[in-house]
Amino acid sequence: MRINVFLAHSQILQGWIEGGLLGVLFWMVYGYWLFRAGGYVALQRPVDAYFPVLLFFLIYDTWHLFMSPFGGSTRFLIAIGVASVCLCAREMRSAKASV
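Cut-offs used in this document
Residues numbered from 1 in each chain as written. Predicted model: local features only at pLDDT ≥ 70, side-chain atom pairs only at ≥ 80, totals over all residues. Heavy atoms only, no water. Core = buried A, V, L, I, M, F, W, Y, C linked by side-chain atoms within 4.5 Å. Buried < 20%, exposed > 50% of the residue type's maximum accessible area, 1.4 Å probe, protein only. Helix = DSSP H or I, 4+ residues; strand = E, 2+ residues; numbered from the N terminus. Contact = heavy atoms within 4.5 Å. Patch = residues over 30% accessible without salt bridge, like charges linked within 9 Å, V, L, I, M, F, W, Y side chains within 5 Å. Areas by Shrake-Rupley, 256 points an atom, 1.4 Å probe, with all protein chains shown as cover. Salt bridge = Lys/Arg side-chain N within 4 Å of Asp/Glu carboxyl O. Expected span 1.5 Å × (residues − 1). Bend = angle between axes of the 7 residues up to and from the residue.

A. View of the nonpolar core. Counting 16 residues, the largest nonpolar core has Trp27, Tyr30, Leu34, Val41, Leu58, Leu65 and Cys88 as the members making the most contacts within it. With eight residues, the top contributor of residues to this core is helix α1 (residues 11-43). Those residues in contact with Leu58 that sit more than four places away from it in its chain are Leu34, Ala37, Gly38, Val41, Ser84, Val85 and Cys88.

B. Structural context of a nonpolar patch on the surface. A surface patch of nonpolar side chains, about 470 Å² in accessible area, is lined by Phe35, Trp63, Phe66 and Met67. Among the elements that line the nonpolar patch, the one with the most residues is helix α2 (residues 51-67), at three residues. Among the secondary structure elements, Met67 is positioned in helix α2.

C. Quick peek at the pattern of salt bridges. Summed over the entire model, instances satisfying the criterion amount to two salt bridges. Residues Asp48 and Arg45 are paired through a salt bridge, measuring 2.8 Å at the closest nitrogen-oxygen approach. The residue Arg45 makes a salt bridge to Glu91 at a minimum N-O spacing of 2.7 Å. Here Arg45 is found in the loop between α1 and α2, whereas its partner Glu91 is found in helix α3 (residues 74-98), with 46 residues between them in sequence.

D. Structural context of α1. Counted at 1.5 Å a residue, the expected span for α1 with its 33 residues is 48 Å, but the 27 Å between its end C-alpha atoms falls short. Of all the bends in α1, the largest measures some 145 degrees and sits at Gly19.

Structural data, given as structure tokens:
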């Protein structure tokens, strides 16, 4: 038996197809936080041993947000991207509170 499934070329489009407006809303919020965390890591965060790792995963996940469907090995890397975004958001919040 063959099942015809449409695979979109990006996570945003696939989220729209599978989840409707709430699905695309999740990916848009995720993309917003990827850009915000990427800007923080590249421009404001002090350079340490985590700098290249965080920057790599944030850029990698931003690329795959627009150019790869949600499935397979990208799911694991999306989870790493979400963890990186959470780490950067916590650092931004604590840096803002100390000022």
